[in-house]
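Here is what each chain is made of, one letter per residue.
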Amino acid sequence: MHRQARAFTIVELLVVITIMAILMAIILPSLSGAQASAREAQERSTLQNTAVAWRTWASSHRNACPLPGLIRRQKKDLNGDGVGDEYIPGSGREDGNYNDHASMLSLCIMENLLSPEQLVSPNEYSPVVYAHSTYDYDALGRPDGDTIHHWDPYFANDLTGNTIGFANNSYAIMPLAGERRRNQWDRTGSSAHALIGTRGPLGGDPALLNPYDASGNEQEPSNTAYLMAKPGAWRGILVFADGHSDTIESFYPEGSTWGAIQNDSTVTQLPDNVFRAEAWASTAYNTQQPDQDIYDGHTLGSDIFLTHTVRSDDDKSLWNSQSEVSPHDIEYTPLHD
């Protein structure tokens, strides 16, 4: 005798659906957490590999990390009249105008130390940051006025989105100027000084991470709030000058300090905010003006300061060498989103 197949009752279907919903509620957060952990691990690997690339360069360049101004130098004075006559590779004064982050990273790509893709974080949130998928390797050796190209000049680094190309790099890097450069970039650096890391808000101001300002008005949080944390918080990975990396949940890495000069001329070591320029240079640079706002980005001290920089032929204030003699003497505008 043929027996009809038994169907599920409505009660049984509801039980099955309920069980599936419970299992999904248990599994999905775990999957989301695993994905976040994987992205964090990828970001750490990228940052560490970038620092390794710089040290690889340094091993064959007198222990100094990449400096575009030493590749594209000033004109060489060939007749002794004090006027530069010709661009000669490997000869002539360093041209500090080319030591912005965009030129430095583009040089690293041209030298096959980095790839355009690895300079965009897997956690990237900003709409103006994207991988430079059309990097022009054929630019090398192409005439450019009186000299030749040494890297693709269209690699961009402007987080504000105000210059052509926007930004092809996610990460905050120390400006290649002043005492920071002399002590941490031109030679083997300190285990307490960060070279590169997850970027943060302007001035390391946590208020910029919140959906509401101090008056309770709605505001769009800085894109940095979404990279590895959530609005109202910040979390990031920093790679230090000795090569080690740390995941931190504040703007103040443990053990990193800057020296504040007190009224009695004593120096007090204070916690260092990695997204705020806090220390004046002890050596006199042309751009050092004691009456300037200490956070305006023109300070060239030895404290940690991570940001984005870019040069522009139209706006010299973005990255501008103040001295033909000292490439450490730079006036620049820190760029944050």
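These figures come from a predicted structure and were not determined experimentally.

What counts and what doesn't
- Residues numbered from 1 in each chain as written.
- Predicted model: local features only at pLDDT ≥ 70, side-chain atom pairs only at ≥ 80, totals over all residues.
- Heavy atoms only, no water.
- Pairing = 2+ DSSP bridges.
- Helix = DSSP H or I, 4+ residues; strand = E, 2+ residues; numbered from the N terminus.
- Buried < 20%, exposed > 50% of the residue type's maximum accessible area, 1.4 Å probe, protein only.
- Salt bridge = Lys/Arg side-chain N within 4 Å of Asp/Glu carboxyl O.
- Disulfide = S-S within 2.5 Å.
- Core = buried A, V, L, I, M, F, W, Y, C linked by side-chain atoms within 4.5 Å.
- Contact = heavy atoms within 4.5 Å.

Caption draft 1: Structural detail: the sheet that holds strand β4 (residues 194-197). One open sheet accounts for 4 strands, arranged β3-β4-β5-β6; its pairing is antiparallel. Bordering the open sheet on either side are β3 (172-173) and β6 (245-248), each of which pairs with just one other strand. Bridge count between β3 and β4: 2 bridges; the pairing is antiparallel. Counterpart to A172 in the pairing with β4 is G197.

Caption draft 2: Spatial organisation of the pairing of strand β7 (residues 257-261). Covered by surrounding structure in β7 are W258 and A260 only, the residues T257, G259 and I261 on the alternate face being uncovered. With 5 bridges joining them, β7 and strand β8 (residues 267-271) adopt antiparallel strand pairing. Counterpart to T257 in the pairing with β8 is P271. Joining the antiparallel neighbours β7 and β8 is a turn of 5 residues, in which S265 adopts a positive phi near 75 degrees.

Caption draft 3: Examining the pattern of salt bridges more closely. Throughout the structure, instances matching the rule amount to 10 salt bridges. Salt-bridge contacts for R199 lead to E124; the nearest nitrogen and oxygen are separated by 2.8 Å. Highlighted residues: R199 in the loop between β4 and β5 (236-240) and E124 in the loop between α3 (101-110) and β1 (143-144), separated in sequence by 75 residues. Among the residues examined, R199 registers a relative accessible area of 2% and is labelled buried. Here R181 ties to D186 by a salt bridge, and the two come within 3.0 Å at their closest N and O atoms. Here the two residues R181 and D186 agree in accessibility, since each one is buried. Through salt bridges with shared partners, one network takes in E40, R235 and E249.

Caption draft 4: Layout of α3. Counting buried positions along α3 gives 10 out of 10 residues, so the element sits mostly inside the fold. Turning to α3, its buried residues are H101, A102, S103, M104, L105, S106, L107, C108, I109 and M110. N112 sits one or two residues past α3 and shows a positive phi near 60 degrees.

Caption draft 5: Summary view of unusual backbone geometry. One non-glycine residue, R62, lies in the positive phi region at around 55 degrees. Relative to the elements of secondary structure, R62 occurs in the loop between α1 (10-58) and α2 (68-71). For F166, which is not a glycine, the phi torsion comes out positive at approximately 60 degrees. Tracing the backbone shows F166 in the loop between β2 (147-148) and β3. What makes F166 partly exposed here is its relative accessible area of 34%.

Caption draft 6: A look at the pairing of β4. Bridging between β4 and β5 involves 3 bridges; their strand directions are antiparallel. Bridge pairing in β5 links G197 to L238.

Caption draft 7: Looking closely at the state of the cysteines. For the structure shown, the criterion picks out 0 disulfides. The structure places no disulfide on C108, whose sulfur is separated from the nearest cysteine sulfur, that of C65, by 8.9 Å.

Caption draft 8: Representation of the nonpolar core within the structure. Ranked by internal contacts, the top residues of the largest apolar core, which has 48 residues, are W54, M104, L105, L114, W185 and L306. Every element with two or more residues in this core is listed here: α1, α3, β3, β4 and β5. For this core, the leading source of residues is α3, giving 7 residues. Ignoring sequence-local partners within four residues, the contact set of L306 consists of A172, I173, M174, A194, L195, I196, G197, L238, V274, F275 and H336. With 8 residues, the next largest nonpolar core counts A177, A277, F305 and I330 among its residues.

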